[in-house]
Amino acid sequence: MKYAGMPQGMWLLYKNSFKKNMVSVLGFDEKTAKRVTEKALPKYREIIAKLPEFEKADRFKMNAVNCAVFIAFLTFMKPKPTVEKLTEYYAKSMMTKPTVLFCKLGGKSKFSQKDIDGMKATAKLNAADRNPYSWNMEFIPYPDGSGYEARFSKCGICTMMQEYGLFEYTPAMCHLDYDMTEAGGTSEFIREYTLASGGPYCDCGYKKKSN
């Protein structure tokens, strides 16, 4: 994958929040946070360069890029924080004002016909069959019409975290689904399993909020 374009934009968008929250959430000093950030950029470029180009119809490219940011910073954190602290760190680093706005815009179209058609197309694509850093998903509408579940059998984030020896910290990223859904404002997020925690699949359920 080329660094220029979306990956470069995502680095510029999030690098400062990842650096700031190393201090405010994880308790590192300013000097350490600055040093980690400086080391993280070339690592991030290296990770991006190793990723294949995603298919045009693959909606999960951004997920892989966000994981690359997390890996780049986490690689140089010593000692490694706990999963619990990293869960808070990742959420606060990712949920910047632009991200919240993105979630709110997405929330407005949640459960629309366009949204449903997009989920069905993603399920049909099975991109992870050709790209191990992508996802395979099954689309499961709720029988009562109250929403739907996206059920993942393959996860690009799990693949990346395993590859860089950081798989035990993957659950810190999984929890962001709750934060993004809450920011969207139109659905409740429901989950029972994740692949990262040893589950048979990752279930991402979206239930319509009552007005």
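Everything numeric here is computed off the predicted structure, so don't read it as measured data. (Residues numbered from 1 in each chain as written. Predicted model: local features only at pLDDT ≥ 70, side-chain atom pairs only at ≥ 80, totals over all residues. Heavy atoms only, no water.)

(A) Summary view of the packing of aromatic side chains. Enumeration according to the criterion identifies 15 aromatic pairs in this entry. By the ring-pair criterion, three or more aromatic residues cluster together here, those being Tyr3, Trp11, Phe18, Tyr44, Phe70, Phe73, Tyr89 and Tyr90. For the cation-ring pair, Lys110 lies above Tyr206, with the distance from its terminal atom to the ring centre recorded as 3.8 Å. Between Arg151 and the ring centre of Tyr201, over which it is positioned, the NZ or CZ distance is 4.2 Å. (Phe/Tyr/Trp six-rings, centres within 6.5 Å; stacked < 30°, edge-to-face > 60°. Lys NZ or Arg CZ within 6 Å of the ring centre and 35° of its normal.)

(B) Summary view of the sheet that holds strand β4 (residues 202–208). Reading across the sheet, the four strands line up as β1-β2-β4-β3 and stay open at both edges, with antiparallel pairing between neighbours. Each edge of the open sheet is held by one strand with a lone partner, namely β1 (136–141) and β3 (187–190). Across the sheet, the mean angle separating the axes of adjacent strands is 20 degrees when strand polarity is ignored. In this sheet, β4 lies alongside strand β2 (residues 147–154) in antiparallel orientation, the contact comprising six bridges. What sits directly across from Glu149, in β4, is Gly205. Those strands touched by helix α9 (residues 176–184) are β3 and β4, and its axis lies near 170 degrees from that of β3. (Pairing = 2+ DSSP bridges. Helix = DSSP H or I, 4+ residues; strand = E, 2+ residues; numbered from the N terminus. Axes fitted to C-alpha atoms, helices over the stretch in contact; angles between N-to-C directions. Contact = heavy atoms within 4.5 Å.)

(C) Here's a closer look at the pattern of salt bridges. Taken as a whole, this structure holds eight salt bridges when the rule is applied. The shortest N-O distance in the salt bridge between Glu88 and Lys85 comes to 3.4 Å. Here Lys85 and Glu88 lie together in helix α4 (residues 83–94), a separation of three residues that amounts to about one turn. A relative accessible area of 34% means that Lys85 is categorised as partly exposed. A salt bridge links Glu149 to Arg151; the shortest N-O distance between them is 2.6 Å. (Salt bridge = Lys/Arg side-chain N within 4 Å of Asp/Glu carboxyl O. Buried < 20%, exposed > 50% of the residue type's maximum accessible area, 1.4 Å probe, protein only.)

(D) Structural detail: unusual backbone geometry. Residue Lys78 is joined to Pro79 through a cis peptide bond whose omega torsion reads -5 degrees. Phi at Phe111 is positive, roughly 75 degrees, even though this residue is not glycine. When you line up the elements, Phe111 lands in the loop between α5 (97–108) and α6 (113–125). At Asn126, a position not held by glycine, the phi torsion is positive, near 50 degrees. With respect to the element layout, Asn126 can be found in the loop between α6 and β1.

(E) Up close: the side chain of Thr37. With respect to the secondary-structure elements, Thr37 resides in helix α2 (residues 30–50). Owing to a relative accessible area of 12%, Thr37 belongs among the buried residues under this scheme. Discounting chain neighbours no more than four positions away, the residues touching Thr37 are Trp11, Lys19 and Phe73.

(F) Structural view of the pairing of β2. Two strands pair when backbone bridges link them, and β1 and β2 are joined in this way by six bridges, in the antiparallel orientation. Each bridged residue has a counterpart across the sheet, and for Pro141 the counterpart in β2 is Tyr148.

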